[in-house]
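Structure assessment
Here are the chains, one letter per residue:
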Amino acid sequence: MSRIVLDLCSEILRLYYGDLVSSVGMYLLRKKASNIITISRSTNTDIHQTKEALCVLIQQNIVRFEQVKGGIIEYEAIAEEVLHRLQYSHYIHCAKKLYGDAAELLIEELLLQGQATLGETVEKTTCKLNESIASNNSSLPQISQNVVRDKVLTLIKARLIRRCENVLKNKEDKAIAIDPCPDPESLFLLPSSSEYESSTSKTKRSAEDDLTMPSKRIKIEGGIAECVKVEPGEHSSSEEYSNLWRVNVYQFHHHFKDQAIVSAVARTIDQKASEVMRTMLRLSETKSVPTDEESLELSFTEIFSAIPKDKMMSRETVDQYLKCLSENCHDFVTRVGESGGGMFRINFYKAVKAICISQIETVVLERFGSKALRIFHVLMVKKNVEQKQVEEQAMLSPKEAKELLYAMFAENFVSITELSKTPDHAPARTFYLFHVNIIQLARMLLEKCYQSMLNIKIKRDKFISENRRLLDKQERVETIIASLDAAGAIEQKEEVEQMVTPAEKSQLNKVSHATKQLEMSEVQLNDTIFIMETFLAYTLKPPPPKR
């Protein structure tokens, strides 16, 4: 793990959970597995504070634990779970776009809690929806919990939320490890009616506990950590599968990847071609594993039957678009047979690679200009090229080609392979072949994106902290104005508005504009980071286990 990734993880943990949790989390990210005594000593924190920080990290799915030799519990942090927080706004927006406001609030609540019971999640979501209706003075009726429960079932069937893994306990009822689930399908079992029971019908905890930890707590080395909610009379069922739920971020990533492929097809061909690709992706969802490089075979008849009727596409049109996708769209689709009108496969790896290359080409264009992009295209097509051949094929003067080529080489956008005629590697008797290493380039740009994301978060935090007094004043004034509007006091409202001077309004506008620009940059960076990470995940697969 690079220093930039560690710094970004540290900033994310600090912004979300504070300095204490950040220090414990960063120690585990740097040192990997460690026991609670070592963590406490190394981070200079009290043992009770260390336990509280570990509880938060376990609750948020960032830390896992297991019992090793000697009965010692070791904790290990997962950097990937920390980095997923960069995509939280995308998960929430995606849920709203697909399934509406109730799904949006459900996903938001589960992301906030990390792990939660369905009863508490449904109750809080219903309250938020009804509060929104009341604040808008809408005549709509109050939303019942049954409506939100139906939305929960929809999200489970779409695999956007899932159960948490069970926790293994010893004879003393102390948690000793998180049990890896042998059957992934059991994580998506539909909940029973008892799982929707809310804690409000039982003994109420304090409001602070309700925000930080759901129902039952299990002892961990004398501390407390959220693990399993056990209802009266349901102990046997809780041993089969967990009653806690969390967001399944990988299904969201699968959806984002499909959307990126559909958008790429729309840009390369047209909108109708993207509808054909969207249909193929929808059919392959139930027939393919998201990590596979290719989907299973889909017949022409199956694809044509699944296309929505309102698209008004004939068999001949669909056949032409499938031919275009398999021949003129970077091999996104491969024709593998003729039965059933033709058999087709989606090549996820080639599609993601083409999208990644287009992102890299955008960076080259912005950084070095259009002539450098011509050189980059030559190197991508011809693979290994000498400098003289680059000049000829890119149609540039020797001086321009040399300057741009070595400028890209200096920043590692271009690599060189040396082929010497003699063992002494004399320059006069050596061929220098330029080429592009896409994997190396993607990793480098991903690191730069992480660094940019870190800079954005630090800059925005600095803007807010420097203008905290002014922002608090604006918030108080807006609150007073809102109460006066409700009371109809127009004269007093004008007096309150004058509390913010013109100079302060100007400064507030500057802060607002700067933070909006930083937020837009963060959204665009998130898209680039996702594409780079997905491409590298397909390319840099771990080796198969030894037999």
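Residues numbered from 1 in each chain as written. Predicted model: local features only at pLDDT ≥ 70, side-chain atom pairs only at ≥ 80, totals over all residues. Heavy atoms only, no water.

Here we take up the layout of surface pockets. Of the volumes computed, that of the second largest pocket is approximately 980 Å³. At the level of elements, α6 (88-99), α12 (249-268), α13 (271-285), α16 (348-368) and α23 (502-539) are the ones that each hand at least two residues to the lining of the second largest pocket. It is α12 that provides the largest number of residues to the lining of the second largest pocket, a total of 10 residues. Residues belonging to the lining of the second largest pocket are distributed by class as follows: 13 nonpolar, 14 polar and 7 charged. (1 Å grid on protein atoms, 1.4 Å probe; cavity = no way out; pocket = protein on both sides within 12 Å on 5 of 7 lines; lining within 4 Å. Points joined across faces, edges and corners; volume = space filled by probe spheres on them. Helix = DSSP H or I, 4+ residues; strand = E, 2+ residues; numbered from the N terminus. Nonpolar A, V, L, I, M, F, W, Y, C, P; charged D, E, K, R; others polar.)

The subject of this paragraph is the pairing of strand β7 (residues 175-178). Pairing of strand β6 (residues 167-169) with β7, which is carried by 3 bridges, proceeds in the antiparallel orientation. In the strand pairing of β7, Lys 169 is matched with Ala 175. (Pairing = 2+ DSSP bridges.)

Enumeration according to the criterion identifies 20 salt bridges in this entry. The residue Arg 345 makes a salt bridge to Glu 297 at a minimum N-O spacing of 3.4 Å. Here Glu 297 lies in the loop between α13 and β11 (298-299) and Arg 345 lies in strand β13 (residues 343-346), a separation of 48 residues in the sequence. For Arg 460, the salt bridge identified is with Glu 522, shortest N-O distance 3.2 Å. Placement of the pair is Arg 460 in helix α20 (residues 438-466) and Glu 522 in helix α23, with a sequence separation of 62 residues. Exposure remark for Arg 460: the relative accessible area of 18% places this residue in the buried category. Each of Glu 11, Arg 14 and Asp 461 takes part in salt bridges that share partners, so that together they form one network. (Salt bridge = Lys/Arg side-chain N within 4 Å of Asp/Glu carboxyl O. Buried < 20%, exposed > 50% of the residue type's maximum accessible area, 1.4 Å probe, protein only.)

In this section: the packing of aromatic side chains. A complete count under the given rule lists 12 aromatic pairs for this structure. With centroids separated by 5.2 Å and ring planes inclined at 35°, the aromatic side chains of Tyr 91 and Phe 252 adopt a geometry described as tilted. Placement of Tyr 91 in helix α6 and of Phe 252 in helix α12 is noted, with a sequence separation of 161 residues between them. Assessed through its relative accessible area of 0%, Tyr 91 is described here as buried. The class for Phe 252 is buried, based on a relative accessible area of 0%. (Phe/Tyr/Trp six-rings, centres within 6.5 Å; stacked < 30°, edge-to-face > 60°.)

Moving on, we come to the sheet that holds β11. Strand order in the open sheet made by the 3 strands is β11-β13-β12, with antiparallel pairing throughout. Strands at the two margins of the open sheet, each flanked by one partner only, are β11 and β12 (333-337). Summarising the sheet, β12 and β13 pair through 4 bridges and their orientation is antiparallel. Among the inter-strand pairings, Arg 335 is bridged to a residue of β13, identified as Phe 344. Together, β11, β12 and β13 form the strand contacts of α13, whose direction differs from that of β13 by roughly 85°. (Contact = heavy atoms within 4.5 Å. Axes fitted to C-alpha atoms, helices over the stretch in contact; angles between N-to-C directions.)

Taken together, 3 strands build an open sheet; the order of strands is β4-β10-β5 and the sheet is antiparallel. Edge positions in the open sheet fall to β4 (116-117) and β5 (161-163), since each of these has one partner strand only.

All right, on to the confidence of the model for the protein then. Segments scoring low in pLDDT should not have their predicted coordinates read at a detailed level. Scored by pLDDT, the protein comes out at a mean of 83, with 88% of its residues at no less than 70. Scored below 50 in pLDDT, residues 201-239 shows 87 contacts in the model against residues more than four places distant or in partner chains. (pLDDT = per-residue confidence, 0-100.)

Time to look at unusual backbone geometry. Residues other than glycine seldom take positive phi values, yet Asn 61 does so here, at roughly 65°. Secondary-structure assignment places Asn 61 in the loop between α4 (47-59) and β2 (63-67). Asn 61 gets classed as buried once you look at its relative accessible area, which sits at 12%. You will see that Met 395, though not glycine, has its phi angle at about 55°, which is positive. On the secondary structure map, Met 395 appears in the loop between α18 (387-393) and α19 (398-410). For Met 395, a relative accessible area of 67% gives the class exposed.

This brings us to helix α3 (residues 36-43). Among the residues making up α3, those that are buried are Ile 36, Ile 39, Ser 40 and Thr 43. All buried residues of α3 fall inside an arc of 95° around its axis, so they share one side. The secondary structure elements touched by the buried residues of α3 are α2 (19-31), β1 (34-35), α4 and β3 (73-77). With a side-chain oxygen lying 3.1 Å from the backbone nitrogen of Ile 37, the N-terminal cap of α3 falls on Asn 35. Of the residues flanking the end of α3, it is Asn 44, one or two places downstream, whose phi is positive at about 55°. (Arc of directions from axis to C-beta. Polar contact = N/O pair within 3.5 Å; in protein donor to acceptor, adjacent residues only side chain to side chain.)

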